[in-house]
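Listed below, chain by chain, are the residues.
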Amino acid sequence: MAIRKVGVIGAGLMGHGIAQVAAQGGCEVIVCETQQGFLDKGLERIDKSLAKLAEKAKEKGQTFDPAAVRARIRGTLAKADLADCDLVVEAIVEDLEVKKALFAELGKIVKKDGIFASNTSSFPISEMAAVSGRADRFVGLHFFNPVQLMKLVEVVRTDKTNEDVVAQARAFGEACGKSPITCKDTPGFVVNRLLVPYMAEAMKLAERGDASIQDIDVAMKLGCGYPMGPFELTDYVGLDTTLSILQGWVKRYPNDPAFGIPKLLEAQVKEGKLGRKSGQGFYTWQGDKRV
């Protein structure tokens, strides 16, 4: 694998997990944040996660050295420290204009053969690639939450992505312990293109009074073997996140019938009921547990 040094921009929910699995895969990792407090919190999350892995390994009679992994991770507030990275993964706020500005800046900082990747769940990869100055060396690397546990990573190619870059991105995903799949730069890639309209259609069922929220969830869990029903899953993902994805798709693809926005979803978000993160969505939550 050509990717040995990895930069991760953003130490939040996704970024800290990406940094951790990259370090577990043997890469040297630089985590870049805008404020020291954000950086400290992200590194603290990594420390706690590694400690849990060490404890579980001990229970199974296995060995896991958290210190060795942690030694491969360092933090910075300076984007200039990413200059010699083989790969830079963006995991910042889901705002396309902010992401585009970041990649335009990184294009002038990171070495010319460095690969850029975005962890976006819904924005077009091609739009970010176009401003980076290296569209042929740009991919989507969509990890799933929690990154440390979820085995999938979507490797997203645009019409201009070099095939060798796709191969390197897949190899990086495998080194991180993931099972990479490859897809074109299509709305929502594979998972969210199927999942978000499914969740929206469940809300429309409830809006019409066809079935209750609870019965819809039970139906999909027992009828399809899903671990969560669509409403519980929306709570887990975040109602505001789901709404933001749908709003972006409706704006870009106004004639696609799959991208409607349920009134129920808009009402919940307006009331501040965002799901697990706020403690109240379609269900009540205490931390990560549904009440």
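Because the structure is predicted, anything quoted here is derived from the model rather than measured. Each chain has its residues counted from 1, running along the sequence as written. It should be noted that, the model being predicted, local features are given only for residues of pLDDT at least 70 and side-chain atom pairs only at 80 or more, the latter also being counted only at that level, while totals for whole chains, interfaces and linings use all residues. The basis for the side-chain values is all heavy atoms of the structure; hydrogens and waters are excluded.

**Q** Help me understand helix H8 (residues 213-224) in this model?
**A** Note on conventions: DSSP H or I runs of at least 4 residues are helices, E runs of at least 2 residues are strands, and numbering of each starts at the N terminus. Expected helix span is given by 1.5 Å per residue-to-residue step, counting one fewer step than there are residues. With 12 residues, H8 should reach 16 Å at 1.5 Å per residue; the first-to-last C-alpha distance of 16 Å fits that figure. As for H8, its buried residues are in contact with helix H7 (191-208) and helix H9 (230-237). Taken from the residues just after H8, Gly225 is the one with a positive phi, measuring 75 degrees. Any two residues whose heavy atoms approach within 4.5 Å at even a single point are treated as in contact.

**Q** Explain the pairing of strand S7 (residues 152-157) here, please?
**A** Should DSSP find at least two bridges between two strands, the strands are taken to pair. Relative to S7, strand S6 (residues 138-143) runs antiparallel, the two sharing 4 bridges. Counterpart to Leu141 in the pairing with S7 is Val155. Two elements, S7 and strand S8 (residues 179-184), share 6 bridges in a ladder whose sense is parallel. Looking across to S8, one finds that Glu154 is bridged to Ile181. On the question of chirality, the crossover connecting S7 to the parallel S8 by way of helix H6 (residues 163-175) is right-handed. Clockwise travel from the first strand over the helix to the second, with the strands pointing away from the viewer, marks a crossover as right-handed.

**Q** When you look at the pattern of salt bridges in this model, what are you seeing that I'm missing?
**A** Once the charged atoms of two side chains with opposite charge are near each other, the side chains can pair. Within this document, salt bridges are pairs made up of a side-chain nitrogen of Lys or Arg and a carboxyl oxygen of Asp or Glu, the two lying within 4 Å of each other. One pass over the structure, following the stated rule, counts 17 salt bridges. Residue Lys48 is joined to Glu44 by a salt bridge in which the shortest nitrogen-to-oxygen separation is 3.4 Å. Here the residue Lys48 and the residue Glu44 both occupy positions in helix H2 (residues 36-59), the gap between them amounting to 4 residues, near one helical turn. One salt bridge connects Lys277 with Asp240, and the closest N-O pair in it is separated by 3.0 Å. Here Asp240 lies in helix H10 (residues 239-252) and Lys277 lies in the loop between helix H11 (263-270) and strand S9 (285-286), a separation of 37 residues in the sequence. Overlapping salt bridges, with partners in common, bring together Lys5, Glu28 and Asp84 in one network.

**Q** Help me out: how do you make sense of the packing of aromatic side chains in this one?
**A** Centre distance and the angle of the planes are the two values used to describe a pair of aromatic rings. Planes of paired rings set the category: under 30 degrees apart is stacked, over 60 is edge-to-face and the rest tilted, where pairs are Phe, Tyr or Trp rings (Trp by its six-membered ring) whose centres lie within 6.5 Å. Taken as a whole, this structure holds 8 aromatic pairs when the rule is applied. For the pair Phe103 and Phe116, a centre-to-centre distance of 5.7 Å together with 40 degrees between the ring planes defines the contact as tilted. Taken together, the residues Phe103 in helix H4 (residues 96-106) and Phe116 in strand S5 (residues 115-118) connect sequence positions 13 residues apart. Judged by its relative accessible area of 0%, Phe116 is buried. When the ring of Tyr198 is compared with that of Tyr226, the centres are 6.0 Å apart and the planes differ by 85 degrees; the resulting orientation is edge-to-face. Here Tyr198, found in helix H7, pairs with Tyr226, found in the loop between H8 and H9; they are 28 residues apart in sequence, far enough to count as distant. Put simply, the rings of Phe103, Phe116 and Phe138 touch in pairs and so form one group of aromatic residues. Here, a charge over a ring is recorded when the distance from Lys NZ or Arg CZ to the ring centre is within 6 Å and its angle to the ring normal is within 35 degrees. Its guanidinium or amino end placed over the ring of Tyr236, Arg276 lies 3.9 Å from that ring's centre, counting from NZ or CZ. To sort residues, take the accessible area from a 1.4 Å probe on protein chains only and compare it with the maximum for the residue type: under 20% means buried, over 50% means exposed, and anything in between is partly exposed.

**Q** What's the story with the packing of H4 against helix H5 (residues 125-132) in this structure? I'm lost.
**A** When two helices pack together, you describe them by how their axes are tilted relative to each other and by the distance separating the axes. In this analysis an axis means a line fitted to C-alpha atoms, helices contributing only their contacting stretch, and an angle means the value between N-to-C directions, from 0 to 180 degrees. With their axes 7 Å apart at the nearest point, H4 and H5 run at an angle of 30 degrees to one another. Viewed along their axes, H4 and H5 form a crossing whose handedness is right-handed. Contact with H4, carried on its side by Leu96, Lys99, Lys100, Phe103 and Ala104, involves Glu127, Met128, Val131 and Ser132 of H5 and no other residues of that element. Ten residue types, Ala, Val, Leu, Ile, Met, Phe, Trp, Tyr, Cys and Pro, are classed as nonpolar, four, Asp, Glu, Lys and Arg, as charged, and the remainder, Gly among them, as polar. Partitioning the contact of H4 with H5 into residue classes produces 5 nonpolar, 1 polar and 3 charged. If you view the pair so one helix is near and one far, a crossing is left-handed when the near helix is turned anticlockwise from the far one by less than a right angle, and right-handed when it is turned clockwise.

**Q** In this structure, what is going on with H4? I would like to understand it.
**A** Within an α-helix, residues lying three or four positions from one another point in the same direction, as the helix has 3.6 residues per turn. Among the residues of H4, those classed as buried are Leu96, Lys99, Lys100, Leu102, Phe103 and Leu106. The arc enclosing the buried residues of H4, seen along the axis, measures out at 160 degrees, which places them on a common side. Where H4 is buried, its residues touch strand S1 (5-9), strand S4 (87-90), S5, H5, S6 and H10. Pairing of N or O atoms within 3.5 Å defines a polar contact, subject to two protein rules: one partner must be a possible hydrogen donor and the other a possible acceptor, and residues neighboring in sequence count only if both atoms are side-chain atoms. Near the N-terminus of H4, the side chain that reaches the backbone nitrogen of Glu97, with its oxygen 3.1 Å away, is that of Asp95. Directions drawn from the helix axis to the C-beta atoms are what define this arc.

**Q** Would you mind going over the packing of helix H1 (residues 15-24) against H2 with me for this structure?
**A** Where H1 contacts H2, the axes come no closer than 9 Å and their chain directions differ by 50 degrees. Comparing the axis directions of H1 and H2 gives the class oblique. Here H1 and H2 pass one another in a crossing that is right-handed. Contacts from His16, Ala19, Gln20 and Gln24 of H1 reach H2 at Gly42, Arg45, Ile46, Ser49, Leu50 and Leu53. Classifying every residue of the contact of H1 with H2 gives 4 nonpolar, 5 polar and 1 charged. Each angle receives one of four descriptions, namely roughly parallel if under 35 degrees, roughly antiparallel if over 145, roughly perpendicular if within 65 to 115, and oblique otherwise.

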